[in-house]
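Topology and contacts: notes
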Amino acid sequence: MNPVTIHPDPAAAGAAIAADIADLIRRRQAEGRPTVLGLATGATPVPVYRELVRLHQEEGLGFEGVRSFNLDEYWPIDPAHPRSFARFMREELFVPAGLDPKDCRIPDGLTPMPQLAEACRAYEQAIRDAGGIDLQLLGIGLSGHIGFNEPGALAGSRTRLVELAESTRLRAAPAFGEEEVPKRGISVGIGTILEARQIVLLAFGEEKAEIVARARQDEPSVAIPATLLRSHPDLRWVLDEAAARRL
Ligand code: GLP
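One structure accompanies this document, and this report is about it. (Residues numbered from 1 in each chain as written. Predicted model: local features only at pLDDT ≥ 70, side-chain atom pairs only at ≥ 80, totals over all residues. Heavy atoms only, no water.)

Focus on the sheet that holds strand β1 (residues 4-7)
Whether parallel or antiparallel, the strands of a sheet pair through hydrogen bonds between backbone atoms. Spatial strand order, β1-β10-β9-β6-β2-β3-β5: seven strands in an open sheet with parallel pairing. Since the sheet does not close on itself, it has two edges, and those belong to β1 and β5 (104-105), each with one partner. Across two bridges, the pairing between strand β3 (residues 66-70) and β5 is parallel. Bridging from a neighbouring strand, S68 pairs with C104 of β5. Against the sheet, helix α4 (residues 116-129) makes contact with β3 and β5, and its axis sits at roughly 150° relative to β3, the strand it touches most. (Pairing = 2+ DSSP bridges. Helix = DSSP H or I, 4+ residues; strand = E, 2+ residues; numbered from the N terminus. Contact = heavy atoms within 4.5 Å. Axes fitted to C-alpha atoms, helices over the stretch in contact; angles between N-to-C directions.)

Here you go:
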């Protein structure tokens with residue numbers, strides 16, 4: 001079974017993962033090699049980003065040589081929209097940690113429909129050209145979705161336009177207020193994620209306890225996309241005590 005580490009709370013988990021990421025970055029910098037990070041949005045990775053920002057601001061961690069690829073974005077959405085993942089990443093990590101925007105890729109929520117297929121292929125190619133993802137950070141949705149790989153997503157799926165599940169849109173609705181939540185998104189695929197050299201799956205809070213247990217124990221199936229990641233040779237779960245309650 002994929003290893004699991006349980007921390008007392010999300011802040012402790014975030015600090016531990018940020019320390020691992022910082023080590024990886026420093027090792028690669030010493031070797032003169034780039035570090036390629038796969039990044040996620042949602043509330044879950046925020047403690048990791050907070051700690052990376054602190055390490056940058058208080059302990060001089062530099063992000064030279066770091067390239068990042070985010071998992072997903074709503075479509076259509078303007079990258080300047082307050083609820084876009086592009087804006088979230090700029091505010092939570094890229095700007096406060098001093099990352100160069102040209103090194104941080106996120107699927108473009110304004111890609112016109114006729115160019116989408118080509119843009120998705122180009123995103124996959126950019127990941128390969130960067131040398132592939134060294135460390136992929138992931139959260140998990142209550143349905144077991146990963147990025148915007150909703151139930152039904154195939155193990156071999158690639159970056160593409162996807163329909164968002166009703167449950168995903170409902171959960172995002174309060175943040176969008178009066179505005180309608182986009183019905184679609186662009187997401188890297190399960191196949192893309194499986195190619196990362198290392199995967200760190202984060203889950204915090206009681207509400208995630210059941211899906212964490214099912215993702216680890218149920219028969220692998222497209223009904224719970226996270227189960228499709230289990231075959232990865234270097235996937236570990238990082239939980240707080242509440243999310244580990246059903247293990
Ligand atoms: C969204 C994102 C996922 C994220 C999930 C859980 O749908 N596209 O990448 O893992 O929600 O979000 P949270 O971490 O806020 O629970």
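With respect to the environment of S187
In this fold, S187 is placed in strand β8 (residues 184-187). For S187, a relative accessible area of 0% gives the class buried. For the pair S187 and C120, spaced 67 residues apart in sequence, the C-alpha to C-alpha distance is 8.7 Å. Apart from the residues lying within four places of it in its own chain, the contact partners of S187 are L71, D72, G147, F148, N149, R158, T159, R160 and V162. (Buried < 20%, exposed > 50% of the residue type's maximum accessible area, 1.4 Å probe, protein only.)

So, the site of the ligand
In the vicinity of the ligand, the contacting residues are G42, A43, T44, D72, G139, I140, H145, G147, F148, T168, R171 and K208. Contact distances for the ligand include 2.8 Å between an oxygen atom and a backbone N or O atom of A43. Between an oxygen atom of the ligand and a side-chain N or O atom of H145, the distance comes to 2.9 Å. In the complex, the protein chains occlude 88% of the 390 Å² of accessible area that the ligand would expose alone. For the shell around the ligand, a count of residues per class yields three nonpolar, six polar and three charged. (Near = heavy atom within 4 Å. Polar contact = N/O pair within 3.5 Å; in protein donor to acceptor, adjacent residues only side chain to side chain. Areas by Shrake-Rupley, 256 points an atom, 1.4 Å probe, with all protein chains shown as cover. Nonpolar A, V, L, I, M, F, W, Y, C, P; charged D, E, K, R; others polar.)

Digging into the sheet that holds strand β4 (residues 72-75)
One open sheet accounts for three strands, arranged β4-β8-β7; its pairing is antiparallel. At either margin of the open sheet sits one strand with a lone partner, and together these are β4 and β7 (160-163). With strand direction ignored, the average angle separating the axes of adjacent strands in the sheet is 30°. In the sheet, β7 pairs with β8 via four bridges, with the strands oriented antiparallel. Looking at the pairing, V162 lines up with G185 of β8. Set on the sheet, α4 makes contact with β4, β7 and β8; between it and β7 the angle comes to about 115°.

Remarks on the side chain of T35
Structurally, T35 can be placed in strand β2 (residues 35-39). Taking relative accessible area as the criterion, T35 reaches 1% and is therefore assigned buried. Leave out the neighbours within four places in its chain, and T35 touches L24, I25, R28, G65, V66, R67 and D134.

What about the nonpolar core?
Counting residues in each nonpolar core, the largest one holds 33 residues, and the members touching the most others are I21, V48, Y49, L52, L93 and L137. Broken down by element, the residue count for this core peaks at seven residues, all from helix α1 (residues 10-31). Counting 32 residues, the second-largest nonpolar core is a separate cluster that includes A40, A153, V212 and L235. (Core = buried A, V, L, I, M, F, W, Y, C linked by side-chain atoms within 4.5 Å.)

Focus: helix α2 (residues 46-59)
An α-helical turn contains 3.6 residues, so a residue and the one three or four places further along point in the same direction. The end-to-end C-alpha separation of α2 is 19 Å, in line with the 20 Å expected for 14 residues at 1.5 Å each. Taken residue by residue, α2 has V46, P47, V48, Y49, E51, L52, V53 and L55 as its buried positions. Of the surrounding secondary structure, the elements contacted by the buried residues of α2 are α1, β2, α3 (85-94), β6 (135-138) and β9 (198-203). (Expected span 1.5 Å × (residues − 1).)

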